[in-house]
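Geometric and topological summary
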Amino acid sequence: METIFNFATITGILASTVRLATPYLYAALGETIAQRSGVLNLGVDGIMLMGAFTAFYVVFTTGNLWAGVGAAMFVGLLMGLLMAFISVTLRAEQGISGIGLYLFGLGMSSLLFKVLLGTVESVNGFPRLAIPLLSEIPVLGTIFFNHSVLVYFAFALVPLVAWVFNQTTWGLAVRAVGNNPQAADSLGVNVILTRYITVCIGAVLAAVGGASLSISAQNIFQENMTSGLGFIAVALVYFGGWRPYGVLLGVLLFSFVSALQIWLQVLGIPIKTELAIMLPYILTIVVLAIPLRRASDPTALTYPFTRGT
C-alpha cells in the first residue's frame, strides 16, 4: 500500500479529482437551478448522452470544437423545452416524465451512434490549457491549473450560480417559485416562464457536461458512456442542500473516490476490481442516508403549478 502514499501519486489523484468533477459539476449545477424553481428533472443522464453524441459527431465531421459545444447546447435546449412542456405546461408527474426523457436520450443516442458512426471513433478534443504563472506553482499548479477550458468553465460556474441565487432579483424569483409558487404569482412573478427558463438552463448545462466527456475527457463516444452519471448528479444536488458550494463539495468528494478507485487499479493495489468500481456508488448511498439539515429544500419541488389554486 505504500505506493499510493507517495507525493507524486497523491498529486495525480487530486488532479484527476478536479478533471473527473467536470461533467458532474455541469449536470449538478444545472439540476440545482431547475430544482430551485420546483422542477425535478430525472432525465439529466439522457440529456448528457445526447449532448455527448452531438458534440462528438459535430467535432468528428467538422473538426470544430466550439461548434460541437454549441450543437450540444442546442440539443440540450430542445430537450429542456420538451421536459418543461411535459412537466410544467401539461403538469405531468415529474419523476415519470424525467425517466421517459432519460430513456429517450439513451435510445436516441444509441441509435444515432449506430447509424451515423457504427463503431467507436476518436477525435482531437480540447487540449490542456496551462494557465500562465498559476500552472507553475508547485503542486497546486498541477492540480488546479493544467486542465482543458471546459474544466475551468465548470468551476467558474459555481460562484456565478451562487451569485445569481443570492444577489439578483431573478435568483430571488426562482427561489420564490420553488418555495411558494402561488405567493410568487401573486407578487407578479411569471411562474411558468421562470420554470421553463430554469429547466432549459439545467438541460443546456447537462448537455455541456455530456460534451465535456466526449470531446474533452475521453475524446470518444460509446453507447451509454455516462453510466448513470446524470442520476448521481441529481443525488449530489440533494447532498449539497441545493446550494452551489454544497454541490461543489459533494462533487469533489464523489470525484475523489472515483479518482482513487482508478488509481488503485492503475497501481495494481490488491483490491477487487468490482469493489473498486463500486466505491463511488457506495459513497452516494451513504451520504444520502445521512440525515442533514436542508434549509434550502424547495418546498414546492415536484408540485405542479395551477394558477388560482
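Here is a short report on the structure shown in this document. Note that the structure is a prediction, hence the values are computed from the model and not measured. (Residues numbered from 1 in each chain as written. Predicted model: local features only at pLDDT ≥ 70, side-chain atom pairs only at ≥ 80, totals over all residues. Heavy atoms only, no water.)

A count of helical and extended segments in the protein gives 12 helices and two strands. Ordered by position in the sequence, the α and β elements of the protein form the string α-α-α-α-β-α-β-α-α-α-α-α-α-α. Compactness check: the protein gives a C-alpha radius of gyration of 20 Å against a globular reference of 19 Å for 309 residues, within 12% of the reference. With the principal axes as the frame, the protein shows a C-alpha extent of 65 × 45 × 40 Å. Put simply, the protein has 309 residues, and 51% of those count as buried. (Helix = DSSP H or I, 4+ residues; strand = E, 2+ residues; numbered from the N terminus. Rg over C-alpha atoms; globule rule 2.2 N^0.38 Å. Buried < 20%, exposed > 50% of the residue type's maximum accessible area, 1.4 Å probe, protein only.)

Let's shift gears to the environment of Ala-92. Tracing the backbone shows Ala-92 in the loop between helix 3 (65–89) and helix 4 (94–117). For the pair Ala-92 and Thr-302, spaced 210 residues apart in the sequence, the C-alpha separation amounts to 9.8 Å. Leave out the neighbours within four places in its chain, and Ala-92 touches Ile-86, Ser-87 and Ser-97. (Contact = heavy atoms within 4.5 Å.)

Counting residues in each nonpolar core, the largest one holds 67 residues, and the members touching the most others are Ile-215 and Val-251. Mapped onto this core, the elements with two or more residues apiece are helix 1 (7–36), helix 2 (44–62), helix 3, helix 4, helix 6 (149–167), helix 9 (191–217), helix 10 (229–239) and helix 11 (244–266). With near-sequence residues (within four places) excluded, Val-251 lies in contact with Ala-21, Tyr-24, Leu-25, Ala-28 and Leu-236. (Core = buried A, V, L, I, M, F, W, Y, C linked by side-chain atoms within 4.5 Å.)

If you walk through the whole model with that rule in mind, you get 10 aromatic pairs. Between Phe-56 and Phe-60 the ring centres are 5.9 Å apart and the planes differ by 10°, which places this aromatic pair in the stacked class. Of the two residues, Phe-56 and Phe-60 both sit in helix 2, four residues apart, roughly one turn of that helix. What makes Phe-56 buried here is its relative accessible area of 0%. (Phe/Tyr/Trp six-rings, centres within 6.5 Å; stacked < 30°, edge-to-face > 60°.)

What follows is about helix 2. Owing to its 3.6 residues per turn, the α-helix brings residues three or four apart onto one side. Between its terminal C-alpha atoms helix 2 stretches 27 Å, which fits the 27 Å expected from 19 residues at 1.5 Å a residue. Of all the 19 residues making up helix 2, 15 are buried; the element is thus mostly covered by neighbouring parts of the structure. One or two residues past the end of helix 2 sits Gly-63, with phi positive at roughly 80°. (Expected span 1.5 Å × (residues − 1).)

When two helices pack together, their arrangement is given by the angle between the helix axes and the distance between those axes. Where helix 3 meets helix 4, the axes come as close as 10 Å, and the angle between the chain directions of the two elements is 150°. Our classification of the angle between helix 3 and helix 4 gives roughly antiparallel. Where helix 3 crosses over helix 4, the two elements pack in a sense that is right-handed. Of helix 4, the residues touching helix 3 (which contributes Met-79, Leu-82, Met-83, Ile-86 and Ser-87) are Gln-94, Ser-97, Gly-98, Leu-101, Phe-104 and Gly-105. For the contact of helix 3 with helix 4, a count of residues per class yields six nonpolar, five polar and no charged. (Axes fitted to C-alpha atoms, helices over the stretch in contact; angles between N-to-C directions. Parallel < 35°, antiparallel > 145°, perpendicular 65-115°, else oblique. Left-handed = near helix turned anticlockwise from the far one by under 90°. Nonpolar A, V, L, I, M, F, W, Y, C, P; charged D, E, K, R; others polar.)

Turning to a nonpolar patch on the surface, a few remarks are in order. Together, Phe-74, Leu-77, Leu-78 and Leu-81 make up an exposed nonpolar region whose accessible area comes to about 340 Å². Checked against the element boundaries, Leu-81 lands in helix 3. (Patch = residues over 30% accessible without salt bridge, like charges linked within 9 Å, V, L, I, M, F, W, Y side chains within 5 Å. Areas by Shrake-Rupley, 256 points an atom, 1.4 Å probe, with all protein chains shown as cover. Salt bridge = Lys/Arg side-chain N within 4 Å of Asp/Glu carboxyl O.)

On to helix 6. An ideal rise of 1.5 Å per residue puts 27 Å on 19 residues; helix 6 measures up with 27 Å between its terminal C-alpha atoms. Helix geometry: helix 6 is bent most strongly at Leu-157, by close to 25°, with proline Pro-159 lying one to four residues after it. Burial in helix 6 covers these residues: Val-149, Leu-150, Val-151, Tyr-152, Ala-154, Leu-157, Val-158, Val-161, Ala-162 and Phe-165. (Bend = angle between axes of the 7 residues up to and from the residue.)

Turning to the side chain of Ser-148, a few remarks are in order. Among the structural elements, Ser-148 can be located in the loop between strand 2 (146–147) and helix 6. Residue Ser-148 is classed as buried on the basis of its relative accessible area of 6%. Aside from chain neighbours lying at most four places away, what touches Ser-148 is Phe-126, Pro-127, Arg-128, Leu-129 and Ser-216.

Running from N to C, helix 1 and helix 10 cross one another at 55°; their axes reach a closest spacing of 8 Å. Judged on the interaxial angle alone, helix 10 and helix 1 are oblique. Here helix 1 runs over helix 10; the crossing is right-handed. For the pair formed by helix 1 and helix 10, the contact residues are Pro-23, Tyr-24, Ala-27, Ala-28, Glu-31, Thr-32 and Gln-35 on the first element and Leu-229, Ile-232, Ala-233, Val-234, Leu-236, Val-237 and Tyr-238 on the second. A class-by-class count of the residues in the contact of helix 1 with helix 10 yields 11 nonpolar, two polar and one charged.

Right, let's get into the layout of surface pockets. Taken as a whole, the largest pocket spans an internal volume of roughly 510 Å³. Lining the largest pocket are 22 residues, with Leu-20, Tyr-24, Gln-218, Leu-229 and Tyr-281 positioned closest to its centre. Residues that form the lining of the largest pocket fall into these classes: 13 nonpolar, seven polar and two charged. (1 Å grid on protein atoms, 1.4 Å probe; cavity = no way out; pocket = protein on both sides within 12 Å on 5 of 7 lines; lining within 4 Å. Points joined across faces, edges and corners; volume = space filled by probe spheres on them.)

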